[in-house]
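Observations on the three-dimensional arrangement
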Amino acid sequence: MAKQPSRSDRDRLDRSNSGGGRKDSSSSLKRDRLSSKEDRRLRNEREPLVKSGRLSLSSSSCGKSDPSSSKQTNSSSFGKTNLIPPTESKMDVDKDPVTLNKKELYESVVEHENNLAKSLNATQSLSEGHNICAELEKNLQEIMSMLTTPTTDEDDFEDKMEEGLMKLSSLRLINRMMKLKLKSVKDEQLSVRSGVDSDHLHLQNLLYEATILQKQAAAVQEYKGKDALIDLIPIEQFYEEAPEKITKTKSTKSDPHLQRIARLEYEFVQRRKLTEDCNSLEKEKESASKRITDTQGKLDSICPLLNSILDATKPLQQIFGIEISSKKEENEIAQYLPAELYVLFVQSNAFREANEKMDLVVHLRGNVEAAKELMVTPEEDKDDSDSDKELDFDETETSRRVIRKKSSNNLSREDAKNKLIEKHPLWIEWIVSSKGSNAVLIQFFYLRKLKIITVKAKTVDDVNKIPDCEIASSESLLEDLFPDDTGLYSPNPANRYLLQKVDTKEIADFVSATGRPFLWAQRLAGVEFPPLTEHSDANDESLSRPKMETSYLNIEIVLKKIKLRLSNQTALHEQLKLLEAKNLEIPTDAKELFPAKLSTTFKSWESINFTTYCSYSFAKEHLRTDIVAGENIFFRACLERGRARITALVTFTSNFPITPPVFSIQLEKEGAGERNSTNDAVIRHLECEVNLYCLEDFQQWPKILASLQLLRLIQGIDIILETDFLVGESSSSSEFVNEKLLLRASTGRNLRRPFKYCGTGGGYFSQRY
């Protein structure tokens, strides 16, 4: 860009002009310049119109101008463009000016510009614009040089300014023409696009109509009448069975349509015939039903007579031991039992009738009316869902409502627990007895929500009854009848989720009220739950559906186990009575396992409870290893020899003698302190001798195992006391005389004593290896 003249240059130019001898004053110079600028402005406004041929200039408005300069300007500005038509260099100044209406002038100019824009060549206009810009830049540089030169002619300067203005006017005209061209192109494009859109929409409409027509044509082609759904007889059978009147063989075989009509007609005839036969059979059925109703009425009238006959023969039934009436009543009640108890009732009666020597009595007890109401209105599922909703707490309520809801839900939770362990109104009782033992009453209950069988047991004979403090209590009488079946855990996996809703983990919290859900009881009821250790679906109803086959396979095994348990409990009772009397008789064939003389004295045998057992420090090792549990039976035996006092704690389980008694031993001597399994290896060896090796030595006498273990304990105490001085356990002379023949007093690092007795050769003691 040309450099603009500075202020100092302009001042210097003014001084040179004023010093050049110009005679006009500054004010007249200013007026001349203003008038010349006004003339140039008017010429610039009219020049485009004049060149376009729309307007002629008057002589007064056109100042004097040089024809050569005007021609040079026109040739330089518009000689290369087709936008402005050429004009004459000389105008007729004498001719009167043409006057036009403003509206007509505007419309003619707009029309002319639009025509020019349509015929405009964009590439040529762009090149002309570049040329004009270059000429304008050159013109500006010349003007700048004139401004910096003090001797510049004012007319030349005005010509250059006028020429620059004409260049700018040409650029503006090209710009306007290009915009008009762009607008016309856009309008043309819009019109073409609207036509294309209209054609596309019309095409889519035609395609949609064609699709509809194709679907209609396909529906017509795929249409099948209702006769196509009729299963007609084969064509060969039709011509064999149908009469000639219908078949019309000559015409139908050659025409498929007539053949189809004939087959449909034959089908109609056949169906009409079948309808008539059905109506006749319905009439016969009604008459037969009427005869059955009359016969049923006669039988119903006979039933009261039969009942009166049975009532009259009841004394005779009791005399001969016949239970016709009681069986009939129980069978009528049995229909109100749940499926599990019904299976148990049927199988129990069947086994009792087939095995009269089994000493089994079966009774059906409970409230029959409540069971009837329960069958009429079974609302279990609805009640369950309602109770579950009551147990849910709403944490989004206000604090006051939450506190009130919690207090009400505490009450409902207790009700939910009671409802969860609700029993069926009917239950089954067994009375099982064994020779020489007490009979046991076993009650089988059904928990409706948990869907399991629970068992309660108690002795029923008062003669020679064993005190509860001496043998297993009624609650644990049937415990461990089978391995790992304590009845403290629910066999139904789904019960865990139900118990969790009432803040209970296991059913052991309710066994005092409900009884114990033994696994063998579920099998007696025909239910086989999956083991909890294996993968299974807890919600699979087929697993808990009672089966007669399952009950049949288990009832004899369970009864034999119960009778064996009763027999073992009786044997334990007899053994405990002998121990209370301090009677330790040795069987004849077991005498060779003990020496002829035992010096330690058996002082007492008494029953203790679990709390007392836990108070002894030397018994805590057995508690820690879970060898002893709270539901076991505990006794304390006291032995004595000289100044030595021996305390033995004995634990029995309900599964005696399959699970042998466990002895915990403590030896006390005056001045020597206490010796037990926690601080003395010799006592540990003695406990091992009594608790483990006795099982190998006394396998032939399981029912007196406790007495034989106690004798082995007395024998071991004699060995310890007599060998303490020999092995250096006692510093003073021994007060216990060595009465037994010992091969070696001790051996090994632990100084193991000779607890093993060999009856050969007069009898001697040696260590176990």
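Look up: the structure comes first, before these words.
Let me sum up the structure you'll find in this document. (Residues numbered from 1 in each chain as written. Predicted model: local features only at pLDDT ≥ 70, side-chain atom pairs only at ≥ 80, totals over all residues. Heavy atoms only, no water.)

1. Some words on the overall build of the protein
Applicable threshold: Helix numbers and strand numbers start at the N terminus; a helix is a DSSP run of H or I with at least 4 residues, a strand a run of E with at least 2. Throughout, exposure labels follow a simple rule: accessible area from a 1.4 Å probe, protein chains only, divided by the maximum for the residue type, with under 20% read as buried, over 50% as exposed, and the rest as partly exposed. Throughout, a residue-residue contact means that at least one pair of heavy atoms, one from each residue, lies within 4.5 Å. Here the accessible surface of atoms and residues is derived via Shrake-Rupley with a 1.4 Å probe, and residues count as covered only by protein chains that are part of the display.
Within the protein, the regular secondary structure consists of 24 helices and 11 strands. Per-residue burial over the protein gives 35% buried out of 769 residues. Counted over contacts in the protein with a minimum sequence separation of 6, partners at least 24 positions apart contribute 65%. Accessible surface computed for the protein: about 47700 Å², of which carbon and sulfur atoms make up 53%.

2. Brief notes about the environment of glycine 642
Here glycine 642 shows up in the loop between strand E6 (633-641) and strand E7 (644-652). Overall, glycine 642 belongs to the partly exposed group, its relative accessible area being 48%. Residues glycine 642 and threonine 600 lie 42 residues apart in sequence; the distance between their C-alpha atoms is 8.4 Å. Contacts of glycine 642, omitting those with residues within four sequence positions, involve Glu735 and Phe736.

3. Some remarks on a nonpolar patch on the surface
Let me state the cut-off plainly: Note on patches: the residues involved have over 30% relative accessible area and no salt bridge, like charges join within 9 Å, and the nonpolar side chains Val, Leu, Ile, Met, Phe, Trp and Tyr join within 5 Å. When a carboxyl oxygen of Asp or Glu is within 4 Å of a side-chain nitrogen of Lys or Arg, the pair counts as a salt bridge.
A surface patch of nonpolar side chains, about 360 Å² in accessible area, is lined by Leu299, Ile302, Leu306 and Ile309. By the secondary structure assignment, isoleucine 309 is in helix H10 (residues 256-312).

4. Focus: the sheet that holds strand E2 (residues 426-432)
For the record, the criterion: We treat two strands as partners when DSSP finds at least two bridges between them. Angles run from 0 to 180 degrees between N-to-C directions of axes, and those axes are lines fitted to C-alpha atoms, restricted for helices to the stretch in contact.
Across the sheet, which stays open at both edges, the four strands sit in the order E1-E2-E3-E4 with antiparallel pairing between neighbours. On the outer flanks of this sheet lie strand E1 (360-366) and strand E4 (452-459), each paired with one strand and no other. The sheet shows a mean angle of 20 degrees between the axes of neighbouring strands, taken without regard to direction. Contacting E1, E2, strand E3 (440-447) and E4, helix H13 (residues 339-354) crosses the sheet at an angle of about 150 degrees to E1. Together, E1, E2 and E3 form the strand contacts of helix H20 (residues 548-580), whose direction differs from that of E2 by roughly 55 degrees.

5. Re the nonpolar core
Put simply, the test is: Residue types Ala, Val, Leu, Ile, Met, Phe, Trp, Tyr and Cys, when buried and joined through side-chain atoms within 4.5 Å, form a set referred to as a nonpolar core.
One finds Leu579, Phe602, Trp605, Phe652, Leu686, Leu710 and Leu713 to be the most contacted residues of the largest nonpolar core, which totals 44 residues. Taken together, the elements giving at least two residues each to this core come down to H20, strand E5 (601-608), E6, E7, strand E8 (662-669), helix H23 (681-697) and helix H24 (705-727). Per-element accounting of this core gives the leading share, 11 residues, to H24. Once residues within four sequence positions are removed from consideration, leucine 579 is found in contact with Leu584, Phe602, Trp605, Ala706, Ser707 and Leu710. Counting 37 residues, the second largest nonpolar core, distinct from the first, contains Tyr336, Met358, Tyr446 and Leu481.

6. Quick notes on the packing of helix H4 (residues 102-118) against helix H6 (residues 154-222)
As a reminder, the rule being used: An angle below 35 degrees is read as roughly parallel, one above 145 as roughly antiparallel, one from 65 to 115 as roughly perpendicular, and any other as oblique. All residues other than Ala, Val, Leu, Ile, Met, Phe, Trp, Tyr, Cys, Pro, Asp, Glu, Lys and Arg, Gly among them, are scored as polar; the first ten of these are nonpolar and the last four charged.
For the pair H4 and H6, the least separation of the axes is 8 Å and the interaxial angle reads 75 degrees. In terms of their interaxial angle, H4 and H6 are classed as roughly perpendicular. Across from Glu113, Asn114, Leu116, Ala117 and Lys118 in H4, the residues of H6 making contact are Arg176, Met177, Leu180 and Lys181. Broken down by class, the residue content of the contact of H4 with H6 amounts to four nonpolar, one polar and four charged.

7. So, the state of the cysteines
The test is simple: Two cysteine sulfur atoms make up a disulfide if the distance between them is within 2.5 Å.
Enumeration over the complete set of coordinates arrives at zero disulfides. Its sulfur unpaired, cysteine 688 is 9.9 Å from the next cysteine sulfur, which belongs to cysteine 694. Owing to a relative accessible area of 27%, cysteine 688 belongs among the partly exposed residues under this scheme.

8. Focus on the sheet that holds E7
Judged by pairing direction, the sheet is antiparallel, and its five strands sit side by side in the order E5-E6-E7-E8-E9 without closing on themselves. Two strands bound the open sheet, and with one partner strand each, they are E5 and strand E9 (673-676). Across the sheet, the axes of successive neighbouring strands diverge by a mean angle of 20 degrees, strand direction being ignored. Where E5 meets E6, seven bridges bridge the pair, whose relative direction is antiparallel. From the neighbouring strand, tryptophan 605 faces E6, where its bridge partner is alanine 637. Across the sheet, H23 lies against E8 and E9, angled at about 145 degrees from E8, the strand it touches most.

9. Description of the pairing of E8
Taking burial as the measure, the eight residues of E8 include seven buried ones, the bulk of the element. Bridge analysis of E7 against E8 gives eight bridges, and the strand direction is antiparallel. Note on E8: the bridge partner recorded for alanine 648 is isoleucine 665. As paired strands, E8 and E9 are joined by four bridges and run antiparallel to one another. Paired with leucine 667 across the two strands is arginine 675, which belongs to E9. Taking the residues that link successive antiparallel strands as the turn, the E8-E9 hairpin has three residues, and the phi of glycine 671 there is positive, at about 85 degrees.

10. Examining H4
Convention followed: For a helix, the expected span equals 1.5 Å multiplied by the number of residues minus one. The arc in question is formed by the directions pointing from the helix axis toward the C-beta atoms.
Helix length check: H4, at 17 residues, gives a terminal C-alpha distance of 24 Å against a target of 24 Å (1.5 Å per residue), a fit within 8%. Along H4, the positions that sit buried rather than exposed are Ser108, Glu113, Leu116 and Ala117. Looking straight down H4, one finds its buried side chains confined to an arc of 170 degrees; they lie on one side. Away from its buried face by more than 90 degrees, H4 exposes Lys103 and Lys118.

11. Thoughts on the packing of aromatic side chains
Within a pair of aromatic rings, the relevant descriptors are the distance that separates the centres and the angle that separates the planes. Heads up, the condition is: Aromatic pairs are defined between Phe, Tyr and Trp rings, using the six-membered ring for Trp, whenever the two ring centres lie within 6.5 Å; interplanar angles under 30 degrees are classed as stacked, those over 60 as edge-to-face, and all others as tilted. Two thresholds decide whether a charge sits over a ring: the Lys NZ or Arg CZ must be within 6 Å of the ring centre and within 35 degrees of the ring normal.
On inspection of all chains with the given rule, the structure shows 16 aromatic pairs. Between tryptophan 605 and phenylalanine 635 the ring centres are 5.2 Å apart and the planes differ by 20 degrees, which places this aromatic pair in the stacked class. Of the two residues, tryptophan 605 sits in strand E5 while phenylalanine 635 sits in strand E6, which places them 30 residues apart along the sequence. Pair check on accessibility: tryptophan 605 and phenylalanine 635 agree, each one buried. Measuring from centroid to centroid gives 5.6 Å for phenylalanine 635 and phenylalanine 652, while their planes differ by 90 degrees, and the two rings are edge-to-face. Of this pair, phenylalanine 635 sits in strand E6 while phenylalanine 652 sits in strand E7; the two residues are 17 residues apart in sequence, bridging distant segments of the chain. On the basis of relative accessible area, phenylalanine 635 is assigned to the buried category, the value being 1%. For phenylalanine 652, a relative accessible area of 1% corresponds to the buried category. Across the ring face of tyrosine 239, the terminal group of lysine 253 is positioned such that the distance to the ring centre comes to 5.1 Å. For lysine 561, the ring lying beneath its charged end belongs to phenylalanine 482, and the centroid distance is 5.4 Å.

12. Describing the pattern of salt bridges
Considering all chains together, one arrives at 20 salt bridges under this definition. Salt-bridge contacts for aspartate 718 lead to arginine 641; the nearest nitrogen and oxygen are separated by 3.0 Å. Within this pair, whereas aspartate 718 is found in helix H24, its partner arginine 641 is found in strand E6, the two being separated by 77 residues in sequence. You'll find aspartate 718 and arginine 641 in the same group, each marked buried. The shortest N-O distance in the salt bridge between glutamate 689 and arginine 768 comes to 2.7 Å. Separated by 79 residues along the polypeptide, glutamate 689 in helix H23 and arginine 768 in the segment after strand E11 (764-766) bring together distant segments of the chain. For the pair glutamate 689 and arginine 768, one class covers both residues: buried. Three or more residues joined by partner-sharing salt bridges are found here, namely Glu689, Asp697, Arg712 and Arg768.

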